[in-house]
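Spelled out from the first residue to the last, the chains are:
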Amino acid sequence: MACYTTHSRAETVELGSRLAETLAPGSLVLFTGGLGAGKTAFCEGIAKGLGCTDPASSPTFSIVNYYRGPRPFAHFDLYRLQNAEDLEVAGFYDYLDEGAVVAAEWSENFAGLLAGEPAVRVDIRTVDENTRTITIEGGAL
Ligand SMILES: Nc1ncnc2c1ncn2[C@@H]1O[C@H](COP(=O)(O)OP(=O)(O)OP(=O)(O)O)[C@@H](O)[C@H]1O
Ligand SMILES: [Mg+2]
């Protein structure tokens, strides 16, 4: 387990980018942390680190953003999903099977279902306006 403190959005993006460099195809990255913690910022870094050139935006209103490229990336927001079927219909497992790197914000909504999945687990806690503590479990960072 590794623990980091970031002091700006840019530092969190950078950490995401560094994590991406360690991720094999088909890796799953599960995020926990409250509203506005910085999960989307971290995912922007993952997209950059994987070599995706499209700017990463929050998938809050689209459930999943998919980035093509040499190392494809599927960025989910599970905030509005309810059950296992929602997850399947959204293509969650298909993206993993295809070898995309899959990241999921609000994985706490599926804590039971995803408990047994091999994953890198990233928890982001808000300390103050610009400070976050970021704990990464199960990864190579
Ligand atoms: N150290 C930091 N790391 C990341 N974001 C930071 C940091 N300090 C301040 N911020 C700000 O916090 C906000 C994080 O927003 P972001 O959308 O990434 O969070 P989120 O966890 O995805 O939120 P949501 O729960 O709505 O999905 C941004 O406005 C960003 O500028
Ligand atoms: Mg978000």
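Each value, and the rule that gives it
- Residues numbered from 1 in each chain as written.
- Chains lettered and ligands numbered in written order.
- Predicted model: local features only at pLDDT ≥ 70, side-chain atom pairs only at ≥ 80, totals over all residues.
- Heavy atoms only, no water.
- Helix = DSSP H or I, 4+ residues; strand = E, 2+ residues; numbered from the N terminus.
- Rg over C-alpha atoms; globule rule 2.2 N^0.38 Å.
- Axes fitted to C-alpha atoms, helices over the stretch in contact; angles between N-to-C directions.
- Parallel < 35°, antiparallel > 145°, perpendicular 65-115°, else oblique.
- Left-handed = near helix turned anticlockwise from the far one by under 90°.
- Contact = heavy atoms within 4.5 Å.
- Nonpolar A, V, L, I, M, F, W, Y, C, P; charged D, E, K, R; others polar.
- Near = heavy atom within 4 Å.
- Polar contact = N/O pair within 3.5 Å; in protein donor to acceptor, adjacent residues only side chain to side chain.
- Areas by Shrake-Rupley, 256 points an atom, 1.4 Å probe, with all protein chains shown as cover.
- Buried < 20%, exposed > 50% of the residue type's maximum accessible area, 1.4 Å probe, protein only.

**Focus on the overall build of the chain**
Piece 1. When helices and strands are counted, the chain shows five helices and seven strands.
Piece 2. For the chain, the succession of helices and strands along the chain, N to C, is β-α-β-α-β-β-α-α-β-α-β-β.
Piece 3. Here the C-alpha radius of gyration of the chain, 14 Å, is about what a compact globule of 141 residues would show, namely 14 Å.
Piece 4. Counting only C-alpha atoms, the chain reaches 35 × 30 × 30 Å along its principal axes.

**Section: the packing of helix α1 (residues 9-20) against helix α2 (residues 39-49)**
Piece 1. Where α1 contacts α2, the two axes come as close as 6 Å, and the packing angle between them is 45 degrees. In terms of orientation, α1 lies oblique with respect to α2. In terms of crossing hand, the pair formed by α1 and α2 is right-handed. Facing Arg-9, Thr-12, Val-13, Leu-15, Gly-16, Ser-17, Leu-19 and Ala-20 of α1, the residues of α2 in contact are Ala-41, Phe-42, Glu-44, Gly-45, Ile-46, Lys-48 and Gly-49.
Piece 2. Residue classes in the contact of α1 with α2 are distributed as seven nonpolar, five polar and three charged.

**Let's talk about the site of ligand 1**
Piece 1. Surrounding ligand 1, one finds 18 residues, the nearest of these being Thr-12, Gly-38, Lys-39, Thr-40 and Ala-41.
Piece 2. One of the side-chain N or O atoms of Thr-40 is found 2.8 Å from an oxygen atom in ligand 1.
Piece 3. Separating a nitrogen atom of ligand 1 from a backbone N or O atom of Glu-129 is a distance of 3.5 Å.
Piece 4. Out of a free accessible area of 640 Å², ligand 1 has 76% covered by protein chains.

**Topic: unusual backbone geometry**
Piece 1. Residues other than glycine seldom take positive phi values, yet Ile-63 does so here, at roughly 70 degrees.
Piece 2. Turning to its location among the elements, Ile-63 is positioned in the loop between α2 and β3 (64-67).
Piece 3. For Ile-63, a relative accessible area of 30% translates into the label partly exposed.
Piece 4. Positive phi is not limited to glycine here, since Trp-106 has a value of about 60 degrees.
Piece 5. Along the chain, the position of Trp-106 falls in the loop between β5 (101-105) and α5 (111-114).
Piece 6. Given a relative accessible area of 14%, Trp-106 falls into the buried group.

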